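# Survey of secondary and tertiary structure
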Amino acid sequence: MKIHEFQAKKLLAGYGVPIPRGQIARTDEEALNVARQLGEGPFVLKAQVHAGGRGKAGGIRVVDSIADVARTAWEMLGKTLITAQTGQEGKPVRTLLLEEAVNVAKEIYIGIVIDRRKACPVILASAEGGVEIERLARERPDRVITEVVDPSVGLRPFQASRIFYGLGLDESLARPVMATVIGLYRLLIEKDLSLAEINPFVVTEDGGVVALDAKVVADDNALFRHPDIAGLRDVSQEDPLEVEAGKHNLNYIKLKGNVGCMVNGAGLAMATMDLIKLAGAEPANFLDVGGGATAQMVKEAMRILIFDRDVKMIFINIFGGILRCDTLAQGVVEAARELVIDVPIVVRLEGTNVEEGRRILAGSGLAFAVAVDLADAAKKVGEIAKRVG
Ligand code: GDP
Ligand code: MN
């Protein structure tokens, strides 16, 4: 789960990382009040969206005086911000973070991710902050300092100092930089984060340091033991169909293609997506209705598929184990009766009560293309996908 920059900064401050003075505002009036409390300016207004790349997209605005704060806030609020990371649909700007502007002398990158291959947290740092770390790692890997932390031992002081010396900063900054690295690591571990990143961490012109931006991603599987983090969720920043699917315990991820998929079991769902690609088409989503799905859940899943404007056909691929084929068929038929489904459907059923399931589908009077096996299903999906484009 992603959280906003202002929330991430509050967490960081709790772990001893210096952050700029500032507060959030949801209206232009609030922004003006915050500015008055902060002083005379200049100020930075920062769009709070679950995406980076705001600087280049007009989501970060510096204003010189208090006279410009309300107008700029008004211009930014209520807009949809499109950055290199949001996708073309963008993210709604409902909250601004208003801060006193910082005089930046140097921008540094400090981040920690979980490296799944090493099964360890890895600290990354670079004296070339502000830019995309992925690109830097690709083009100039020598400029990225890497420290792998053994989680059973924890971050050791020599590692923090190795990062500090690797950055080539003035000796006077040793203490606050190492404290930041240690604080960031503790935050990641104690809150079960999969990413904690400060980009940029800046050295100011008067020789201080401050986290100018912060990004935190929490591990969804650990949210149950961090109600404080779970409470930071902002669904306005998430895909509406994914939010809807979550309400019905459906395992759904939106993708870019046009073949809507309904499958039971994550493994079969992955295989189904491979099958669709092999047939020359593209899946519109990953959707695992789960082993114990009810007819009601199947119906909700169909709703989510047809509410996705990108879905031009549906492929239902079910292996009846715990979820019986007749239950699935009932859900599909009910959905088709109650909703208006105007896209072709290909069904492949196998397993428990498959005869009964096929009978329900055949007797429904609705038009399904029923595949006899997986190869046949792939062929049908490929043909129809080409036709509906
Ligand atoms: P991002 O583009 O979404 O990652 O947003 P950031 O918070 O990282 O801001 C982008 C860039 O704006 C930073 O790298 C800075 O160069 C600049 N910026 C943000 N806040 C300030 C500030 O207070 N003072 C100055 N001089 N630059 C700032
Ligand atoms: Mn940034």
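A quick note: this is a predicted structure, and the numbers were derived from the prediction, not measured. (Residues numbered from 1 in each chain as written. Chains lettered and ligands numbered in written order. Predicted model: local features only at pLDDT ≥ 70, side-chain atom pairs only at ≥ 80, totals over all residues. Heavy atoms only, no water.)

## So, the sheet that holds strand 6 (residues 96–100)
Applied cut-off: At least two bridges found by DSSP between two strands is the condition for calling them paired. Counting from the N terminus, the helices are DSSP H or I runs at least four residues long and the strands are E runs at least two residues long. Simply put, an axis is a line fit to the C-alpha atoms, just over the touching stretch for a helix, and the angle between two N-to-C directions goes from 0 to 180 degrees. The contact criterion used throughout is that any non-hydrogen atoms of two residues lie within 4.5 Å.
The 4 strands are arranged 1-6-2-3 in an open sheet whose pairing can be described as antiparallel. The sheet terminates laterally at strand 1 (22–25) and strand 3 (60–63), the two strands that pair on one side only. Shown here is a sheet whose adjacent strand axes are inclined to one another by a mean of 20°, direction ignored. As judged from the 4 bridges shared by strand 1 and strand 6, these two strands associate in the antiparallel manner. Bridge assignment links Q23 to a residue of strand 6, and that residue is L98. Lying on the sheet, helix 3 (residues 69–76) is in contact with strand 2 (43–47), strand 3 and strand 6; it crosses strand 2 at an angle near 10°.

## Looking at the domain arrangement of the protein chain
Note the cut-off: Bear in mind that the domain bounds are from an automatic or database domain assignment.
As far as domains go, the protein chain holds domain 1 (1–18 + 103–238), domain 2 (21–101) and domain 3 (239–388). The gap between the C-alpha centroids of domain 1 and domain 3 is 41 Å.

## Details of the packing of aromatic side chains
Which entries qualify depends on this criterion: Here the aromatic set is Phe, Tyr and Trp, taking the six-membered ring for Trp, and pairing holds for ring centres within 6.5 Å; pairs whose planes are under 30 degrees apart are stacked, those over 60 apart are edge-to-face, and all others are tilted. Burial here depends on accessible area, computed with a 1.4 Å probe over protein chains only, as a share of the maximum for the residue type. Under 20% is buried, over 50% is exposed, and the range in between is partly exposed.
Evaluated as defined, the whole model comprises 1 aromatic pair. Ring centres of F164 and Y165 lie 5.0 Å apart, and the angle between their planes is 75°; on these two criteria the pair is classed as edge-to-face. You can call Y165 partly exposed: its relative accessible area is 48%.

## Observations concerning the site of ligand 1
Cut-off, in case you're wondering: Any residue with at least one heavy atom within 4 Å of a molecule or strand is counted as near it. Polar contact criterion, stated in full: a pair of N or O atoms within 3.5 Å, where within protein one must be able to donate a hydrogen and the other to accept it, and residues adjacent in sequence count only if both atoms are side-chain atoms. In this description, accessible areas are obtained by the Shrake-Rupley approach with a 1.4 Å probe, and a residue is regarded as covered only by the protein chains that are shown. Of the grid points, spaced at 1 Å and generated over the protein atoms alone, those admitting a 1.4 Å probe that cannot get out make up cavities, while open sets with protein on both sides within 12 Å along at least five of seven lines make up pockets; any residue with an atom within 4 Å of a point is treated as lining. Just a note on the criterion: a molecule sits in a pocket or cavity if more than half of its atoms are within 2 Å of the grid points. Throughout, the ten residues Ala, Val, Leu, Ile, Met, Phe, Trp, Tyr, Cys and Pro are labelled nonpolar, Asp, Glu, Lys and Arg are labelled charged, and all others, Gly among them, are labelled polar.
Around ligand 1 sit 15 residues in total, of which K46, R54, G55, V102 and E107 are the nearest. Between ligand 1 and the protein, one listed contact pairs an oxygen atom with a backbone N or O atom of G53 at 3.2 Å. Side-chain polar atom of D213 to an oxygen atom of ligand 1: 3.0 Å apart, as the coordinates give it. When ligand 1 sits alone it has 560 Å² of accessible area, and the protein chains cover 77% of it. Comparing atom positions with the cavity grids shows ligand 1 to sit within the second largest pocket. Looking at the shell around ligand 1 residue by residue, the class counts come to 7 nonpolar, 4 polar and 4 charged. Built from parts of two domains, the shell around ligand 1 gets at least three residues from each of domain 1 (1–18 + 103–238) and domain 2 (21–101).

## A few points about the side chain of E244
For E244, the position within the fold is in helix 8 (residues 240–247). Reaching out from E244, the side chain makes a polar contact with the side chain of R303 at a distance of 3.2 Å. Once residues lying within four places of it in the same chain are set aside, the contact partners of E244 are R303 and I304.

## What to know about the environment of V181
Residue placement: V181 occurs in helix 6 (residues 174–190). Ignoring sequence-local partners within four residues, the contact set of V181 consists of I110, I123, L155, A160 and I163.

## Section: the packing of helix 11 (residues 325–338) against helix 12 (residues 354–363)
Angle between the axes and distance between the axes are the two parameters that describe a pair of packed helices. Counted only if it meets this: Convention used here: angles under 35 degrees read as roughly parallel, angles over 145 as roughly antiparallel, angles from 65 to 115 as roughly perpendicular, and any remaining angle as oblique. Here a crossing is taken to be left-handed if its near helix is turned anticlockwise relative to the far helix by less than a right angle, and right-handed if that turn runs clockwise.
Remark: helix 11 packs on helix 12, axes separated minimally by 7 Å, with the N-to-C direction vectors making an angle of 15°. The angle between helix 11 and helix 12 falls in the class roughly parallel. You can see that helix 11 and helix 12 cross each other, and the crossing is right-handed. Together, C325, D326, A329, Q330, V332 and V333 of helix 11 and V354, E356, G357, I360 and L361 of helix 12 make up the contact between the two elements. For the contact of helix 11 with helix 12, the residue count by class is 7 nonpolar, 2 polar and 2 charged.

## Some thoughts on the nonpolar core
To keep things clear, this is the line we draw: Only buried Ala, Val, Leu, Ile, Met, Phe, Trp, Tyr and Cys residues count toward a nonpolar core, and they belong to the same one when joined by side-chain atoms within 4.5 Å.
L12, L167, L169, V177 and F201 are the most contacted members of the largest nonpolar core, which has 40 residues in total. Secondary-structure elements contributing two or more residues to this core are helix 1 (5–14), strand 7 (104–115), strand 8 (120–126), helix 5 (157–167), helix 6, strand 10 (193–204), strand 11 (209–211) and strand 12 (215–218). Take this core: its biggest share by element is 7 residues, from helix 6. Each residue touching L169, except ones within four places of it in the same chain, is listed here: K106, I108, F164, V177 and V203. M297, V298, I314 and L339 belong to the second largest nonpolar core, which has 35 residues in total.

## Topic: helix 13 (residues 374–388)
In an α-helix there are 3.6 residues to a turn, and that puts residues three or four apart on one side. Stated precisely, the cut-off is as follows: Helix span, expected: 1.5 Å multiplied by one less than the number of residues in the helix.
Helix length check: helix 13 (15 residues) gives 21 Å between terminal C-alpha atoms against 21 Å at 1.5 Å per residue, within 8%. Those residues of helix 13 lying buried are D376, A377, A378, V381, G382, I384 and A385. Those residues of helix 13 that are buried are in contact with strand 14 (259–263), helix 9 (266–278), strand 16 (313–320), strand 17 (345–351) and strand 18 (369–370). Between the side-chain oxygen at the start of helix 13 and the backbone nitrogen of A375 there is a gap of 3.3 Å, and the oxygen is on D373. G389 lies just past helix 13 and shows a positive phi near 45°.

## A short note on the coordination of the manganese ion (ligand 2)
Put simply, the test is: Metal donors: N, O and S atoms at distances within 2.8 Å, or within 3.2 Å for Na, K and Ca, with water omitted from the atom set so that some sites may seem incomplete.
The coordination sphere of the manganese ion (ligand 2) contains the protein donors N199 (O) and D213 (OD), at a distance range of 2.2 to 2.3 Å. Of this pair, N199 sits in strand 10 while D213 sits in the loop between strand 11 and strand 12; the two residues are 14 residues apart in sequence, bridging distant segments of the chain. Taken individually, N199 and D213 each receive the classification buried, so the pair is uniform in this respect.

## Considerations on the pairing of strand 10
Burial within strand 10 is extensive, with 11 of its 12 residues counted as buried. The pairing of strand 7 with strand 10 spans 8 bridges and is antiparallel. Looking at the pairing, G111 lines up with E197 of strand 10. Both strand 10 and strand 12 contribute to a ladder of 4 bridges, which runs antiparallel. In the strand pairing of strand 12, E197 is matched with K215. Bridging between strand 10 and strand 11 involves 3 bridges; their strand directions are antiparallel. Note that in strand 11 the partner of V203 across the bridge is V209. Counting the residues in the hairpin turn of strand 10 and strand 11 gives 4 residues, including G207, whose phi is positive at 85°.

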